Amino acid sequence: MSQAIVITDVSPRDGLQNQAVHLSTQAKLELVRLLQAAGVASVEVASFVSPRAVPQMADAAAVLAGLAAVAPGLRSSVLTPNLKGLERAIEAGAREIAVVLSATETMNQRNINMDLATATAVSEETLRAALAAGIATRAYIAVAVECPFEGLVAPATVVALAERMLAAGASEIVFADTIGAASPAQLRALLQAAAPSIPLERTAVHLHDTRGFGVANAWAALEAGVRRFDASAGGIGGCPFAPGAAGNLATEDLVLLARQSGLDTGISLEGLDAAVAFAEQQLGRPLGGRSLAWHRRKRKPQ
Ligand code: COA
Ligand code: ZN
């Protein structure tokens, strides 16, 4: 295993969308700047959703507007669950968007107020419109292993939805373990089911670390050949509409796993430490994956 892996850090979006403390636009931009300085090449910076549903993301346009000055050359994406979100994102200069389709009826209702059929059609039309506008696209398939409302989801159901997103023009399919309930065996089964129809180079996984399986699941995905991952600096994260969802797989844990496995990420733990320290100061609480705690202990003079 020597091929590099690509990490999209989702801390400014998945991380901040559920926090009691709302960061200022300037603080979000500083977080993104620190992530890029750490070597992160791809960041999900905001979501264009209803400010009533997620007030933490109300300044998405201002975040995009400020990006060029603080993080030139960064690959940045934004979440746009519907055409209205896409229109706002295009107006704000977005170059990559992500749609979010959940694999169950109830999760779509809770998250975006649509039934599964409507959510699928709206995701398709949003992808097509983005494609027509020359914008790169990702498609999340959320609750891809287990739904907090409906329980286990059959891999075939998830793969069928992913195939529809691919056919509608998604450049990347992101299988999301939204509540961090997957085991490595379940994730492997899903990736095996997806392999015949979803090209590996267009497959990403988005993991949460609710039960401490984040790194184990990342390893299962690596063994299955996946090289694209979402993670969040400091492990900040969680969906406000998915009960029990805890933080994302910490970027620093994934970086250390990759490094110790001979895979280059281009990201430094030192740099991530600075980004996480900033987020800790902003949010007023300690953050960080296990590897960051280890890194900090190692650095401290005895
Ligand atoms: N951005 C901003 N406003 C939006 C919007 C978007 N993407 N989509 C719809 N709206 C506005 C409409 O213009 C309308 O405004 P008005 O009341 O001032 O006329 C209002 O929201 C209701 O529109 P409607 O189409 O009926 O949407 P809804 O109430 O069914 O909500 C979503 C649908 C998707 C907008 C909403 O559920 C949402 O934002 N969910 C957040 C999902 C999320 O971020 N989850 C976490 C990450 S996965
Ligand atoms: Zn998530």
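Preceding this section is the structure that the text describes.
Here goes a summary of the coordinates provided. (Residues numbered from 1 in each chain as written. Chains lettered and ligands numbered in written order. Predicted model: local features only at pLDDT ≥ 70, side-chain atom pairs only at ≥ 80, totals over all residues. Heavy atoms only, no water.)

**Quick notes on the pairing of strand S1 (residues 6-9)**
Piece 1. Alignment of S1 against strand S10 (residues 228-231), held across 4 bridges, turns out to be parallel. Across the sheet, the residue bridging to Thr8 is Asp230, located in S10.
Piece 2. Summarising the sheet, S1 and strand S2 (residues 42-47) pair through 2 bridges and their orientation is parallel. Its bridge partner being in S2, Asp9 is matched across the sheet by Val43. (Pairing = 2+ DSSP bridges. Helix = DSSP H or I, 4+ residues; strand = E, 2+ residues; numbered from the N terminus.)

**Some details on the sheet that holds strand S5 (residues 136-142)**
Piece 1. Here 8 strands make up a closed barrel; going around it, the order is S1-S2-S3-S4-S5-S8-S9-S10 and the pairing parallel. Taking each pair of neighbouring strands and ignoring which way they run, the sheet shows an average axis angle of 25°. (Axes fitted to C-alpha atoms, helices over the stretch in contact; angles between N-to-C directions.)

**Notes on the site of ligand 1**
Piece 1. Taken together, the neighbourhood of ligand 1 is formed by 19 residues, with Ser50, Asn82, Arg88, Asn111 and Asn113 sitting nearest.
Piece 2. Within the backbone of Phe48, an N or O atom sits 3.0 Å from a nitrogen atom of ligand 1.
Piece 3. Arg52 places a polar side-chain atom, nitrogen or oxygen, 3.0 Å from an oxygen atom of ligand 1.
Piece 4. The fraction of the free accessible surface of ligand 1 (930 Å²) that becomes covered by protein chains is 66%. (Near = heavy atom within 4 Å. Polar contact = N/O pair within 3.5 Å; in protein donor to acceptor, adjacent residues only side chain to side chain. Areas by Shrake-Rupley, 256 points an atom, 1.4 Å probe, with all protein chains shown as cover.)

**Examining helix H6 (residues 116-132)**
Piece 1. With 17 residues, H6 should cover 24 Å at 1.5 Å per step; its first-to-last C-alpha distance of 24 Å lies within 8% of that length.
Piece 2. Buried within H6 are the following residues: Leu116, Ala119, Thr120, Val122, Ser123, Glu124, Thr126, Leu127 and Ala130.
Piece 3. Next to the buried residues of H6 lie helix H4 (83-91), strand S4 (96-102), helix H5 (105-112), S5 and helix H7 (155-167).
Piece 4. After H6 finishes, the residue Gly134 shows a positive phi value of roughly 75°. (Expected span 1.5 Å × (residues − 1). Buried < 20%, exposed > 50% of the residue type's maximum accessible area, 1.4 Å probe, protein only. Contact = heavy atoms within 4.5 Å.)

**Thoughts on the packing of H6 against H7**
Piece 1. For the pair H6 and H7, interaxial distance at closest approach is 9 Å and the crossing angle is 30°. When the axes of H6 and H7 are compared, the pair comes out roughly parallel. The two elements H6 and H7 meet at a crossing, and its hand is right-handed. Where H6 approaches H7, its residues Leu116, Thr120, Ser123, Glu124 and Leu127 are matched on the opposing element by Leu161, Arg164 and Met165. (Parallel < 35°, antiparallel > 145°, perpendicular 65-115°, else oblique. Left-handed = near helix turned anticlockwise from the far one by under 90°.)

**Side note on the coordination of the zinc ion (ligand 2)**
Piece 1. Ligation of the zinc ion (ligand 2) by protein atoms is provided by Asp14 (OD), His206 (NE2) and His208 (NE2), these donors lying 2.0 to 2.2 Å from the ion.
Piece 2. We classify His206 as buried; its relative accessible area is 4%. (Donors = N, O, S within 2.8 Å, 3.2 Å for Na, K, Ca; no water.)

**A short note on the environment of Asp14**
Piece 1. By the secondary structure assignment, Asp14 is in helix H1 (residues 11-15).
Piece 2. Its relative accessible area of 3% is what places Asp14 among the buried residues.
Piece 3. Asp14 sits 26 residues away from Val40 along the chain, and the two C-alpha atoms are 16 Å apart.
Piece 4. Within the structure, Asp14 has its side chain in polar contact with the side chain of His206 (distance 2.8 Å).
Piece 5. Here Asn248 takes part through its side chain, which lies 3.0 Å from a polar atom of the side chain of Asp14.

**Observations concerning the side chain of Thr178**
Piece 1. Turning to its location among the elements, Thr178 is positioned in the loop between strand S8 (172-176) and helix H8 (184-194).
Piece 2. Polar side-chain contacts of Thr178 include one of 2.9 Å to the backbone nitrogen of Val143.
Piece 3. Dropping the residues within four chain positions of it, Thr178 is found in contact with Ala142, Val143, His208, Cys239, Ala242 and Ala245.

**Points about the pattern of salt bridges**
Piece 1. For the coordinates displayed, the defined rule picks out 14 salt bridges.
Piece 2. A salt bridge links Arg138 to Glu172, with the nearest nitrogen and oxygen atoms 2.7 Å apart. In this pair, Arg138 sits in strand S5 while Glu172 sits in strand S8, placing the two residues 34 residues apart along the sequence.
Piece 3. A residue is classified by how much of its surface remains accessible, and Arg138, at 1% relative accessible area, is buried.
Piece 4. A salt bridge links Arg296 to Asp273; the shortest N-O distance between them is 2.8 Å. A residue pair is termed long-range when its members are at least 10 positions apart, and Arg296 in helix H12 (residues 290-299) and Asp273 in helix H11 (residues 269-283) qualify at 23 residues. (Salt bridge = Lys/Arg side-chain N within 4 Å of Asp/Glu carboxyl O.)

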